[in-house]
Each structure stands twice: as C-alpha cells, then as structure tokens.
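# Understanding the architecture of this molecule
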Amino acid sequence: MDEKEAEHVLQQELSRLRSKSYAELTSRVGDVIAYEAEASSGVRYQLEIQFIWDDKQHGDIRVMGAIDDGGIRAFMPLTLSFIMSPAGEFIDE
C-alpha cells in the first residue's frame, strides 16, 4: 500500500467531516461507515469511519478513520482521527 497516497485519501475524507458541526457529528455517534474510495492513481482503498464519544457522553467527540488497500494491511490499517469539543473546537491540534 502506498502509505502517502492512502494518508492523503483518508485526510480528504476526514477534512470533509471536520467541516460538520458538533451537533451533526454527535448525531452519528455509534455509526460505522465503510466504503471504498479511488485515489488519483486508480487504486481503490477501503475506508471505515467511526463516530465515538472520546471520554464521556455529550463531551468531546472523536471521529476516527481507517484505510487499507484490501491486502495484508487490512489487518493493520492506517488510522487518523480528530476530536471536537462541544464548543466546536478541535482538541490537541
């Protein structure tokens, strides 16, 4: 798997979610979205996005993404995440 390319694809997907409000993200808590995305190279990647409370319910929300190319990396995907506070601020950035 081309890790730079996969990271770029995952960053793009998470950037789209970073533009959502806290309320929009919290409405997705418990959801797991799995889908494929195609990179500019033509490689198809498998993505999984999860929405979870970071510490306690109605506190910070963590949006976690994982990506792999369907090969052996499916057992150890590349992951990235972000955390948003109830005030709509990003934590630890």
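## A short note on the overall build of the chain
Looking only at helices and strands, one finds two helices and four strands in the chain. Overall, the chain is about 40 × 20 × 20 Å in size when its C-alpha atoms are taken along their principal axes. Per-residue burial for the chain yields a buried fraction of 31% across its 93 residues. For the chain, the share of sequence-separated contacts (at least 6 apart) that also reach a separation of at least 24 residues comes to 46%. Of the accessible surface of the chain, which amounts to about 5700 Å², a share of 48% is contributed by carbon and sulfur atoms. Between the centroid of the 9 positive side chains of the chain and the centroid of its 18 negative side chains there is a distance of 3 Å.

## Describing the packing of aromatic side chains
Tallied over the entire structure, the rule returns one aromatic pair. With centroids separated by 5.7 Å and ring planes inclined at 75°, the aromatic side chains of Phe82 and Phe90 adopt a geometry described as edge-to-face. Classification of Phe82 as buried rests on a relative accessible area of 2%. It is Arg18 that lies over the ring of Phe82; its NZ or CZ is 5.4 Å from the centre. When the ring centre of Phe90 is taken as reference, the NZ or CZ atom of Arg18 above it lies at 3.9 Å.

## Observations regarding unusual backbone geometry
Not every positive phi belongs to a glycine, and His58 is a case in point at roughly 70°. One can find His58 in the loop between strand S2 (44-53) and strand S3 (61-68).

What counts, and at which threshold
- Counting restarts for each chain: residues are numbered from 1 in the order of the written sequence.
- In keeping with the model being predicted, local features are shown solely for residues with a pLDDT of at least 70 and side-chain atom pairs are shown and tallied solely at 80 or more, while totals for entire chains, interfaces and linings include all residues.
- As a convention, hydrogens and water are excluded, and side-chain values are obtained from all of the structure's heavy atoms.
- We count a stretch as a helix when DSSP gives it H or I for four or more residues in a row; a strand needs E for two or more, and each element gets its number in order from the N terminus.
- Buried means the residue's accessible area, taken with a 1.4 Å probe over protein chains only, is under 20% of the maximum for its type, while exposed means over 50%, and partly exposed covers the values in between.
- Here, two residues are considered to be in contact whenever any of their heavy atoms come within 4.5 Å of each other.
- Areas reported here follow the Shrake-Rupley algorithm with a probe of radius 1.4 Å; residue values treat only the protein chains shown as occluding.
- Charged residues are defined here as Lys and Arg on the positive side and Asp and Glu on the negative side; His and the ends of the chain fall outside this count.
- Charge positions come from single atoms, namely NZ of Lys, CZ of Arg, CG of Asp or CD of Glu.
- Aromatic rings from Phe, Tyr and Trp, taking only the six-membered ring of Trp, are treated as a pair when their centres fall within 6.5 Å; an angle between ring planes under 30 degrees marks them as stacked, one over 60 as edge-to-face, and anything in between as tilted.
- Put simply, a charge is over a ring when the Lys NZ or the Arg CZ is close to the ring centre, within 6 Å, and near the line of the ring normal, within 35 degrees.

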